[in-house]
Amino acid sequence: MTNEFAIITHALSKSYGKNSAVRELDLSVKLNRITAFLGRNGAGKSTTIKMLLGMIRPTCGSGAVLGGEITDTAASRNIRRRVAYVGEDKPLYAYMTVGQIVRFAKSFYPDWRSDTEKKLLYEYELPVERKVKTLSKGMRTKLALLLAFARRPDLLILDEPSEGLDPVGIEHLLRSLVTQASDGVSIFFSSHQIAEVERVADHVCILEKGRLLVDQSLDELRRSYRRIDLVFDSSIPENEFRFSNVQRIETRGRHMSVFVQSNADTVVERARRLNALSVDVSPVALRDIFLETVREEPERALV
Amino acid sequence: MLWYKSWLETKPRFLTSLATLTLFCAVFVYHAQGLIRPEFRLDLNRLLFVNQQFLVIMWVLSVVLLGMGGIVREKAIGTTSLTLALPVGRFSLLISRIGVGVLEVIALGLVPWLAVVGVMSIVRKPFQISQVASYVVLLVAGGLVFFLMGVLVSTLVGGEYTAPALAFGVVLLVAIISDAWFRDYSVWRLVTGDLSIDRSTYLLPRHLPWLGIFGSLCFALLMMAASVFSLQRRDS
C-alpha cells in the first residue's frame, strides 16, 4: 500500500509544551500528483513538513516518505536525498555567492542536472558572482527554486513557493510544477495563493489547528460544494435548511444563500416546497471552500 | 563540501583574527626590540614569553569566536531548514565545523609566531627556533579546549550576542577558578608557558608538559562529545 503513496502519516502529532502544533494527522499523498497543502498561518503546515523531513521529531505517531520511516535516522537521510525541499523563508547562506551555493548543493546529489541549472540561471537572470545576501527577495526565491528543480527528485516539497515572485515568476513557477509532475515527480506544496493552487493541484488537503479537515481531489471538491441562492416572497427561517450537509446560511431579507457540501438536491427540494421564487445552484471556487472549511473550525472545536 | 561551507562561514572571522594577531605580534616584538622597550634588548627569551602572554589572550578570544555558529545559530537566522534538508547527519555537520575550526586554530597559533620569527630575522637577533615551536605547541594543543568550549556553547545558545558573551564568560570563569584553586592544573597557565618556564632564563624546558597537554586534549574531547550529544538531542 505504501508503494502508491509519496507521503503517508498515521496519527502524527507534534506538541510544544501544552501547545499542539499538529494533532493526530492521517495524511496520504499519492505518487505522481500535485497535492496542495492549505491552511491558515500557524495551522501546522510547516511543522508537518519539518517532521516529514526529519528536522523535528514527532511527539507521537508515525510517518513514511517514499517508503522510508521519518523517525529512522538512516531512512530519513535517504528521504532527504530523494526529496527536494524549498522552505517557507527560502533559507539560503548569506555568506555564499550564487555560484558557490549552486556548487555546494550540487555536491550532495549525483544526478544533478547541469543543463537545468544553466537554463534556470539564464532564465532567472541570477548573477553567479553575487553574494546571496545582496539578492532581492524574488531572486532568492528563484535561486531556492533552481536548487530544487536542478535535482532529479522523486518528491518536491515546497513551502509557499511563489512568495516574493512577480506575476511572470509565478507563471513560470506554475508551468515548471506542471512540467515536473509530467516527468513523474510528486509535488506536495503549501500556499496561501489559492488561485494558483486551483490552477495546478490535483489534490487538496486543508489543515486547521493541526488537524486535517479536507483530503480530497480538487475535482471531487468542486463537484461536492455548491452555493444555492434562493429568493422567497417572504422571509423564511434558516432552520428550514439546517441539514447536515449545509455548511453555512446567509440571510438578507427575502434572499438566502446556502453553502452545501454534497447533495445540493435536498436544499433545492426544500426550497421548492417552500415556494421559492428563484433557485440558483452554482459551483464554488476553492477559495470559498477553503474559507468555509477554516471558518467552521471554531464551532467544531467546541463539539 | 560541508567543510567548504564551514570555511566560507568562518572565513571573515578567521582572516580578521589572523591579521590582527599577526600584526600585533610583529609590531610588539619589533618595537620591544630596543625601539620602545630597551630592557628587552638583553632578554630576548623574556620577550618571547611576554609575547605569548598577550598572544594567548587574543588567541583565546579569537578561537572562542571561531567556535560560534552551527545549527543552533542557523535556527536564529533562518537557514537551519536548508542545512537540515541536506542528506547528511547532524554529526557530520558538527564534525566538519570542528575540523575546519581546528585547522584555523592551528593557523592562528602558527602564523603570528612565524611573523615573530620573520621580525627577529629582519632585525638580526638570535633566537632558538625550538622555543618558538614550544610556544606554538602549548598554544594550539593546550588551548584547543577553549575552541571546543565555544563550540559547546554554540550548540546550546543561538543568539548573536548571547552565545559569544556566554562563551567568554565560561572561559573567564574557568581561568579564574583554576587560577585560584587549581593553580598547578590551570589550562591558562599551561598555555602561556607559566607552568613550565624557567624564571631565571625564561626558557621553556626541552620536554614540554605533555601530561598537562594530554589532560587538556582529553578535556577538549569531552567538550566535543558533549556538543555532539547536545546537537543530537536538539529538536530543530
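Conventions adopted
Residues numbered from 1 in each chain as written. Chains lettered and ligands numbered in written order. Predicted model: local features only at pLDDT ≥ 70, side-chain atom pairs only at ≥ 80, totals over all residues. Helix = DSSP H or I, 4+ residues; strand = E, 2+ residues; numbered from the N terminus. Buried ≥ 20, exposed ≤ 12 C-beta atoms within 10 Å, placed from the backbone. Pairing = 2+ DSSP bridges. Axes fitted to C-alpha atoms, helices over the stretch in contact; angles between N-to-C directions. Contact = placed C-beta atoms within 7 Å. Parallel < 35°, antiparallel > 145°, perpendicular 65-115°, else oblique. Left-handed = near helix turned anticlockwise from the far one by under 90°. Nonpolar A, V, L, I, M, F, W, Y, C, P; charged D, E, K, R; others polar. Expected span 1.5 Å × (residues − 1). pLDDT = per-residue confidence, 0-100. Core = buried A, V, L, I, M, F, W, Y, C linked by C-beta atoms within 7 Å.

Counting its regular elements, chain B contains nine helices and zero strands. From first element to last, N terminus to C terminus, chain B shows the α and β order α-α-α-α-α-α-α-α-α. Along the three orthogonal principal directions, the C-alpha set of chain B runs to about 60 × 35 × 25 Å. Within the span of chain B, comprising 236 residues, buried residues form 41% of the whole.

Quick look at the sheet that holds strand S10 (residues 203–208) of chain A now. Residues and elements named next belong to chain A. With mixed pairing, six strands are arranged side by side in an open sheet as S7-S8-S9-S4-S10-S11. Edge strands, defined here as strands with exactly one partner in the open sheet, are strand S7 (83–86) and strand S11 (211–217). When strand polarity is set aside, the average angle formed by the axes of neighbouring strands in this sheet is 15°. The pairing of S10 with S11 spans six bridges and is classified as antiparallel. Bridge pairing links Val204 to Gln216 in S11. Where helix H5 (residues 137–149) meets the sheet, its contacts fall on S7 and strand S8 (155–159), and the angle it forms with S7 comes to roughly 175°. Helix H6 (residues 167–182) contacts strand S4 (34–39), S8 and strand S9 (186–190) of the sheet and is inclined by roughly 150° relative to S9.

Residue and element names in this part refer to chain B. Interaxial distance between helix H2 (residues 44–66) and helix H6 (residues 129–154) falls to 9 Å at its minimum, and their mutual angle equals 25°. With respect to their mutual orientation, H2 and H6 come out roughly parallel. At the point where H2 passes H6, the crossing takes the right-handed sense. Contacts between H2 and H6 involve Asn45, Leu48, Gln52, Val56, Trp59, Val60, Val63, Val64 and Leu66 on the former and, on the latter, Gln131, Tyr135, Leu139, Gly143, Phe146, Phe147, Met149 and Gly150. Considered class by class, the residues forming the contact of H2 with H6 number 12 nonpolar, five polar and no charged.

As a further point, take helix H5 (residues 90–122) of chain B. Counted at 1.5 Å a residue, the expected span for H5(B) with its 33 residues is 48 Å, and the 48 Å between its end C-alpha atoms agrees. Count one or two residues on from H5(B) and you reach B:Arg124, which has phi positive near 55°.

All names here are of chain A. Within the secondary structure, Arg77 is located in helix H2 (residues 73–82). Judged by local crowding, Arg77 falls into the partly exposed class, with 16 C-beta atoms found within 10 Å. Between the alpha carbons of Arg77 and Leu12 there is a distance of 19 Å; along the sequence they are 65 residues apart.

Below, the discussion takes up the sheet that holds strand S12 (residues 225–231) of chain A. Residue and element names in this part refer to chain A. Sheet architecture is open: four strands sit in the order S13-S14-S12-S15, paired in antiparallel fashion. In this open sheet, the two edge strands, each paired with only one partner strand, are strand S13 (246–252) and strand S15 (278–283). Each strand axis lies, on average, 15° off the axis of its neighbour in the sheet, ignoring direction. In the sheet, S12 pairs with strand S14 (residues 255–261) via seven bridges, with the strands oriented antiparallel. Within the sheet, the bridge partner assigned to Ile228 lies in S14 and is Val258.

Right, let's get into helix H1 (residues 45–52) of chain A. Across the eight residues of H1(A), eight count as buried, placing the element largely inside the fold. Just downstream of H1(A) lies A:Gly54, where phi reads positive at about 75°.

As a further point, take the confidence of the model for chain B. Residues and elements named next belong to chain B. With 95% of its residues at a pLDDT of 70 or more, chain B shows a mean pLDDT of 89. When mean pLDDT is compared element by element in chain B, H5 scores highest at 94, while helix H3 (residues 71–77) scores lowest at 84. Predicted complex metrics record ipTM = 0.82 and pTM = 0.84.

Once that is clear, we can look at the pairing of S10(A). Two faces belong to every sheet, and in a regular strand the side chains alternate between them. Residues and elements named next belong to chain A. Counting buried positions along S10 gives six out of six residues, so the element sits mostly inside the fold. Along S10, one buried face is formed by His203, Cys205 and Leu207 and the opposite face, lined by Val204, Ile206 and Glu208, is buried too. Here S10 hands over to S11 after two residues, with Lys209 in that stretch at a positive phi of 50°.

All names here are of chain A. Take Asn78: it is sitting in helix H2. By the C-beta count within 10 Å, which is 16 here, Asn78 ends up partly exposed. The sequence separation of Asn78 and Lys118 amounts to 40 residues, and the corresponding C-alpha distance is 26 Å.

Attention now goes to the interface of chain A and chain B. At the interface, 21 residues of chain A touch 17 residues of chain B. Among the secondary structure elements, those contributing two or more residues to the side of chain A that touches chain B are H2 and helix H3 (98–106) of chain A. A total of four residues in the side of chain A that touches chain B trace back to one element, the largest contributor, which is H2(A).

This part is about the pairing of S14(A). All names here are of chain A. For S14, the buried fraction is high: five of the seven residues fall into the buried class. Both S13 and S14 contribute to a ladder of six bridges, which runs antiparallel. By the bridge assignment for S14, Arg252 is matched with His255.

All names here are of chain A. Of note in the backbone geometry, Glu24 takes a positive phi value of approximately 40° without being a glycine. Summarising the element assignment, Glu24 is placed in strand S2 (residues 19–25). Here Leu66, not a glycine, exhibits a phi torsion of approximately 50°, which is positive. On the basis of neighbour counts, which here come to 21 C-beta atoms within 10 Å, the residue Leu66 falls in the buried class.

Let us now look at the confidence of the model for chain A. Looking at chain A, pLDDT values average 89 and 97% of them are 70 or higher. This model gives residues 297–303 of chain A a pLDDT under 50, and the stretch forms four contacts once residues within four places in sequence are excluded.

With that out of the way, let us pick up the nonpolar core. Of all hydrophobic cores here, the largest spans 74 residues; its most connected members are A:Val65, A:Ala148, A:Phe188 and A:Val204. In terms of residue count, H5(A) provides more of this core than any other element does, eight residues in total. Excluding residues within four positions of it along the chain, A:Phe188 makes contact with A:Ala6, A:Ile7, A:Val29, A:Thr35, A:Phe37, A:Leu155 and A:Ile157. B:Phe14, B:Val72, B:Leu144 and B:Leu148 belong to the second-largest nonpolar core, a separate cluster that totals 56 residues.

Let's shift gears to the environment of B:Pro112. All names here are of chain B. Mapped onto the secondary structure, Pro112 falls in helix H5. Each C-alpha atom of the pair Pro112 and Thr20 lies 9.0 Å from the other, and the pair is 92 residues apart in sequence. Setting aside its immediate chain neighbours within four residues, Pro112 contacts Leu21, Thr22, Cys25 and Leu55.

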